[in-house]
Amino acid sequence: MSTTENHEDMRAALQEVERSHQLIRESVHYASRIQRSLQPDQRELIGMMRDHFIIWQPKDIVGGDLYWFKPDRTGYMLALFDCTGHGVPGALMTMISVGALEQAFQSTNNPARLTRLTHQHIKTALKQDLPQGESDDGLEMGLCLVEPHRNRLTFCGSRQDLWIIRDGALEMIKGDKAGVGYRRFALNHSYTNHTIKLIPGARYYLFTDGFTDQVGGDKGRGFGKKRLSELLLCGAHLPLARQSEQILQAYEAYQGDHQRRDDLSMIGFQPL
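Residues numbered from 1 in each chain as written. Predicted model: local features only at pLDDT ≥ 70, side-chain atom pairs only at ≥ 80, totals over all residues. Heavy atoms only, no water.

Enquirer: So what about the overall build of the protein? Which residues, and what values?
Expert: From N to C terminus, the protein includes 6 helices and 13 strands. For the protein, the C-alpha atoms occupy an extent of roughly 80 × 45 × 35 Å along the three principal directions. When each of the 272 residues of the protein is scored for burial, the buried share is 47%. Pairs at least 24 apart in sequence give 70% of the contacts found in the protein among residues at least 6 apart. Of the roughly 13,700 Å² that the protein leaves accessible, carbon and sulfur atoms contribute 51%. Computed over 32 positive and 33 negative side-chain charges, the separation of the two mean positions in the protein equals 8 Å. (Helix = DSSP H or I, 4+ residues; strand = E, 2+ residues; numbered from the N terminus. Buried < 20%, exposed > 50% of the residue type's maximum accessible area, 1.4 Å probe, protein only. Contact = heavy atoms within 4.5 Å. Areas by Shrake-Rupley, 256 points an atom, 1.4 Å probe, with all protein chains shown as cover. Lys, Arg positive; Asp, Glu negative; His and termini not counted. Charge placed at Lys NZ, Arg CZ, Asp CG, Glu CD.)

Enquirer: Kindly report on the nonpolar core, identifying the contributing residues and their values.
Expert: Within the largest apolar cluster, 47 residues are counted, with the highest numbers of intra-cluster contacts made by W68, F81, L153, L162 and F269. Counting residues per element, this core draws most heavily on strand β3 (residues 75–83), at 7 residues. Excluding residues that lie within four positions of it along the chain, L153 makes contacts with C144, L145, V146, L162, H194, T195, I196, L198, Y204 and F269. If you look at the next biggest cluster of nonpolar residues, it comprises 18 residues, including F53, I165, L231 and L264. (Core = buried A, V, L, I, M, F, W, Y, C linked by side-chain atoms within 4.5 Å.)

Enquirer: Pulling in residues and values, what's your account of the sheet that holds strand β13 (residues 264–270)?
Expert: Two modes of strand pairing occur in sheets, parallel and antiparallel, and in both the strands are linked by backbone hydrogen bonds. Strands sit in the order β1-β13-β10-β6-β7 across an open sheet of 5 strands; the sheet is antiparallel. The sheet is open, and its two edges are formed by β1 (51–57) and β7 (169–173), each paired on a single side. Taking each pair of neighbouring strands and ignoring which way they run, the sheet shows an average axis angle of 20 degrees. Pairing between β1 and β13: 7 bridges, direction antiparallel. Pairing of F53 across the sheet is with G268, part of β13. Strands in contact with helix α5 (residues 224–234) are β6 (162–166), β7, β10 (203–207) and β13; relative to β6, the strand with the most contacts, it is inclined by about 35 degrees. Contacts from helix α6 (residues 240–255) reach β1, β10 and β13 within the one sheet, and its direction differs from that of β1 by about 30 degrees. (Pairing = 2+ DSSP bridges. Axes fitted to C-alpha atoms, helices over the stretch in contact; angles between N-to-C directions.)

Enquirer: Tell me about the environment of P58, and name the residues and values.
Expert: With respect to the helices, strands and loops of the structure, P58 is situated in the loop between β1 and β2 (65–72). As a C-alpha pair, P58 and F81 span 23 residues in sequence and 13 Å in three-dimensional space. Those residues in contact with P58, other than ones at most four positions away along the chain, are G63 and D263.

Enquirer: Describe in detail helix α3 (residues 87–105), supporting the description with residues and values.
Expert: Taking 1.5 Å as the rise per residue, α3 with 19 residues should run 27 Å; its terminal C-alpha atoms sit 27 Å apart, in good agreement. Buried residues of α3: G87, G90, A91, M93, T94, S97, V98, A100, L101, A104 and F105, and no others. (Expected span 1.5 Å × (residues − 1).)

Enquirer: Can you tell me about the pattern of salt bridges, naming the residues and giving the values?
Expert: Within the structure shown, the criterion is met by 11 salt bridges. Of the charged contacts, one joins D60 and K59 as a salt bridge, the two residues approaching to 3.7 Å between their closest N and O atoms. Residue classification places D60 among the partly exposed residues on the basis of a relative accessible area of 33%. By relative accessible area, K59 is classed as partly exposed at 26%. One salt bridge connects E230 with K226, and the closest N-O pair in it is separated by 2.6 Å. (Salt bridge = Lys/Arg side-chain N within 4 Å of Asp/Glu carboxyl O.)

Enquirer: With reference to specific residues and values, describe the side chain of R260.
Expert: The residue R260 is located in the loop between α6 and β13 in this model. For the buried R260, no salt bridge is present, and the opposite-charge side chain at shortest range is E252, 5.0 Å distant. There is a polar contact of 3.4 Å between the side chain of R260 and the side chain of Q57. In contact with R260, other than residues within four places in its own chain, are Q57, K59, Q214, Y251 and Q255. (Polar contact = N/O pair within 3.5 Å; in protein donor to acceptor, adjacent residues only side chain to side chain.)

Function cannot be read off these values alone, since they describe shape.
See below:
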């Protein structure tokens, strides 16, 4: 075979690889459109809350974080969840998780019961309740039922906490140590409700570990909860949209040249 023929074969092979890559890119970008369509309409949140912000930045084009919002007869429900993995596998888990949440919401608005039903739907959908099941996937979730007219908020966390800032101090309501789904947690596992009084001016935050686990800074250490709490307290006087900008600026400055480790999501809201 001549040198010219070798070059032609190589060029044809490279063109075929590029066509394959282009098809994959187009498919993933289209999947991103589908995933974004599952996010709540921002106009609904604006109509129900005094103020809020949402940060949602997948590490890749699609990701394993998603937020969920539902008006309810007594107020509204708000959830943030972080599924196993990121990229395409994580995005597939968000599809399953949204479906499980929607199905569970048909039966209850009690956060602990809703989390338990979601857990059961995911385990059975992925056959984690059967010996032959291959999946050991699931999610971490923070779920709030906000009832402004009853002046209360009920929180259920599965490996996710709720942070509250009021009167210049930060309080934490810790979630359960059990995740949602996964083979190691029993099908009938129960979760815990925490009901608190809503305080005018208080701010509430749900976030995934993409913030705290991000490596950066001069010493290449994780961003951490201490740094995040100081950042939230520092910006507590700002409108929430402005505070979200401050949070992202500080996060990106800390990340520097280090690679993004995970999807990044946070919800800050002020019901009253």
